[in-house]
Amino acid sequence: FLDLYDIGKPETQDYYFEWHSRFHLDDLLELNPDHKVIKHIGVATQINVPPSGNVAYLVGPMIDFKVPGAIFFQTSWMIRETPELDGIAFQNTTAFRWWFGKKLAYDNPNGALRRFYIGGFIDIKSSEGIESAWVIFQPQLLMHFNAISIGTELFVYTNKFGVEGKNETVPQIMVRWVL
């Protein structure tokens, strides 16, 4: 994903970029976990590019749990390496999404099914070098239109970008386009 903020304000305009990949080893190795609790096991990888320019690389195991009614409920335990900082950090990321409400009828020529879902994630990162530990929690409420979802999210960030005491809570409009 790519977040742009303060667009149109050259002195404060900036961005934040992340690339996530989740490899389901059970699918790749043609294993059938057929487990009551676990849907997939695999490897999580991630690259973070914050405004500071301190690019972080993450890798670790992930589990996608079978949770009643959930589209997904995944958790990853990753080692986080930021070359510009001393040491390494550990990060846990848990992401989730549930449909709610009734499926709404196909009511347009394109056949877009409209339905609501709640979701979001929580990231918990240990300290690394001069950066303090931080937590990001981002619950979301979206209406789904095939490849596009529109709604709102609440962005809660403690020790933003690893700066002790720099906390932020911001409601935001969200548009998600899945290619």
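Residues numbered from 1 in each chain as written. Predicted model: local features only at pLDDT ≥ 70, side-chain atom pairs only at ≥ 80, totals over all residues. Heavy atoms only, no water.

(A) Main features of the layout of surface pockets. One number sums up the size of the largest pocket: a volume of about 1900 Å³. Around the largest pocket, the lining is made up of 50 residues, and of these Phe1, Leu2, Glu18, His20 and Phe121 lie nearest the centre. Secondary structure elements with two or more residues in the lining of the largest pocket: strand E1 (2–5), strand E2 (14–24), strand E5 (70–81), strand E6 (89–100), strand E7 (114–125), strand E8 (134–145), strand E9 (148–158) and strand E10 (168–177). Tallying contributions element by element places E10 first for the lining of the largest pocket, with eight residues. Along the lines of polarity and charge, the residues of the lining of the largest pocket split into 25 nonpolar, 13 polar and 12 charged. (1 Å grid on protein atoms, 1.4 Å probe; cavity = no way out; pocket = protein on both sides within 12 Å on 5 of 7 lines; lining within 4 Å. Points joined across faces, edges and corners; volume = space filled by probe spheres on them. Helix = DSSP H or I, 4+ residues; strand = E, 2+ residues; numbered from the N terminus. Nonpolar A, V, L, I, M, F, W, Y, C, P; charged D, E, K, R; others polar.)

(B) Quick peek at the pattern of salt bridges. Summed over all chains, the structure comprises three salt bridges. Residue Glu128 is joined to Arg80 by a salt bridge in which the shortest nitrogen-to-oxygen separation is 3.9 Å. Here the residue Glu128 occupies a position in the loop between E7 and E8, and Arg80 occupies one in strand E5, the gap between them amounting to 48 residues. Overall, the relative accessible area of 7% leaves Arg80 in the buried class. Across the pair Lys160 and Glu168 runs a salt bridge, and its minimum N-O distance is 2.9 Å. Judged by its relative accessible area of 11%, Lys160 falls in the buried class. Given a relative accessible area of 25%, Glu168 falls into the partly exposed group. (Salt bridge = Lys/Arg side-chain N within 4 Å of Asp/Glu carboxyl O. Buried < 20%, exposed > 50% of the residue type's maximum accessible area, 1.4 Å probe, protein only.)

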